[in-house]
Amino acid sequence: MLLADHQIVDLIGTGDLKISPFDPTRVQPASVDLLLDHFLRVPARPGAEIDIARVWAGHTALLEIEDEDGWPMKPGDFVLASTVERIALPDDLAARVEGKSSLGRLGLAVHVTAGFIDPGFAGQVTLEIANLSPWPIRLRRQMPIAQLCLIPMAAAPTRPYGSAGNHYQGQYGPTESRYQMR
């Protein structure tokens, strides 16, 4: 079950759900449109192998999308980006980040596999953007890039996100993988 537009607005009004900055004109029937921030992370050493047992810090490089020109993604490119908005979910609400249909029809995927956001998460949402099309697609600052869908939990978890030293709690900007094998 997803929250409807008026439920989203009500939760923001009570302060139980935080989306900052919040623009009520971006509330859709069952989601909130999110905007692309101005920083991207690109592979620092394209072609280098990543060993999942030892993912090294600094495997991406930070760059900024220029105001007027945007940033061209070539076919097959992969970047990490983040939303302008910072969100904070209460312990009884999970979320999904979904691509916008119009961008998907151009071949732009906004989350490769990590579209789920745990209850209790706070921070900017990192997007894993891939250009699956045969042509370059120019990303622009502040463009509507994704939709945030909110999912009420049957009960609050005993360990919401952030209560156990989670990797990405409070993240700011596009955050590279902090994967660790256990």
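Structure first, text after, so check above.
Here's a quick rundown of the structure. Quantities reported herein were computed from a predicted structural model and do not represent experimental measurements.

Considerations on the overall build of the protein
Then comes step 1: Counting its secondary structure elements, the protein contains two helices and 12 strands.
Then comes step 2: Counting from the amino terminus, helix and strand elements in the protein follow one another as α-β-β-β-β-β-β-β-α-β-β-β-β-β.
Then comes step 3: The principal-axis extent of the C-alpha atoms belonging to the protein is close to 45 × 40 × 25 Å.
Then comes step 4: Buried residues in the protein amount to 42% of all 182 residues.
Then comes step 5: By sequence separation, contacts in the protein at least 24 residues apart represent 76% of the contacts at least 6 residues apart.
Then comes step 6: Carbon and sulfur atoms make up 54% of the accessible area of the protein, which totals about 9,900 Å².

Structural notes on unusual backbone geometry
Then comes step 1: Cis geometry is found at the peptide bond from Ser 20 to Pro 21, where omega equals 0°.
Then comes step 2: Locating Pro 21 in the fold gives a position in the loop between strand S1 (18–20) and strand S2 (27–28).
Then comes step 3: Its identity as a non-glycine residue notwithstanding, Gln 142 has a phi of 70°, on the positive side.
Then comes step 4: Relative accessible area serves as the criterion here: at 46%, Gln 142 is assigned to the partly exposed category.

Remarks on the nonpolar core
Then comes step 1: Membership of the largest hydrophobic core comes to 37 residues, with the highest contact counts inside it found for Ile 117, Ile 129, Leu 139, Ile 145, Leu 148 and Leu 150.
Then comes step 2: When residues of this core are traced back to their parent elements, those giving at least two are helix H1 (5–14), strand S3 (31–43), strand S5 (71–73), strand S6 (78–88), strand S7 (93–99), strand S10 (122–131), strand S11 (137–139) and strand S12 (144–152).
Then comes step 3: Broken down by element, this core gets its largest block of residues, five residues, from S3.
Then comes step 4: Non-local contacts of Ile 145, meaning those with residues more than four positions away in its chain, are made with Leu 34, Leu 35, Leu 36, Lys 100, Leu 103, Leu 108, Val 110, Leu 127 and Ile 129.

Points about the pattern of salt bridges
Then comes step 1: For the structure on display, the rule yields seven salt bridges.
Then comes step 2: Across the pair Arg 26 and Glu 85 runs a salt bridge whose closest N-O atoms are separated by 2.4 Å. You can see Arg 26 sitting in the loop between S1 and S2 and its partner Glu 85 sitting in strand S6, a full 59 residues away along the chain.
Then comes step 3: Exposure remark for Arg 26: the relative accessible area of 14% places this residue in the buried category.
Then comes step 4: Here Glu 85 falls in the buried class, since its relative accessible area comes to 0%.

Focus: the pairing of S10
Then comes step 1: With nine of its 10 residues buried, S10 lies for the most part within the structure.
Then comes step 2: Note: S6 against S10, eight bridges, orientation antiparallel. Within S10, the position partnered with Ala 81 by the bridge is Leu 127.
Then comes step 3: Two strands pair when backbone bridges link them, and strand S8 (residues 108–109) and S10 are joined in this way by two bridges, in the antiparallel orientation. Among the inter-strand pairings, Leu 108 is bridged to a residue of S10, identified as Asn 131.

Conventions adopted
- Residues numbered from 1 in each chain as written.
- Predicted model: local features only at pLDDT ≥ 70, side-chain atom pairs only at ≥ 80, totals over all residues.
- Heavy atoms only, no water.
- Helix = DSSP H or I, 4+ residues; strand = E, 2+ residues; numbered from the N terminus.
- Buried < 20%, exposed > 50% of the residue type's maximum accessible area, 1.4 Å probe, protein only.
- Contact = heavy atoms within 4.5 Å.
- Areas by Shrake-Rupley, 256 points an atom, 1.4 Å probe, with all protein chains shown as cover.
- Core = buried A, V, L, I, M, F, W, Y, C linked by side-chain atoms within 4.5 Å.
- Salt bridge = Lys/Arg side-chain N within 4 Å of Asp/Glu carboxyl O.
- Pairing = 2+ DSSP bridges.

Purely geometric stuff here, so don't read any function into it on its own.
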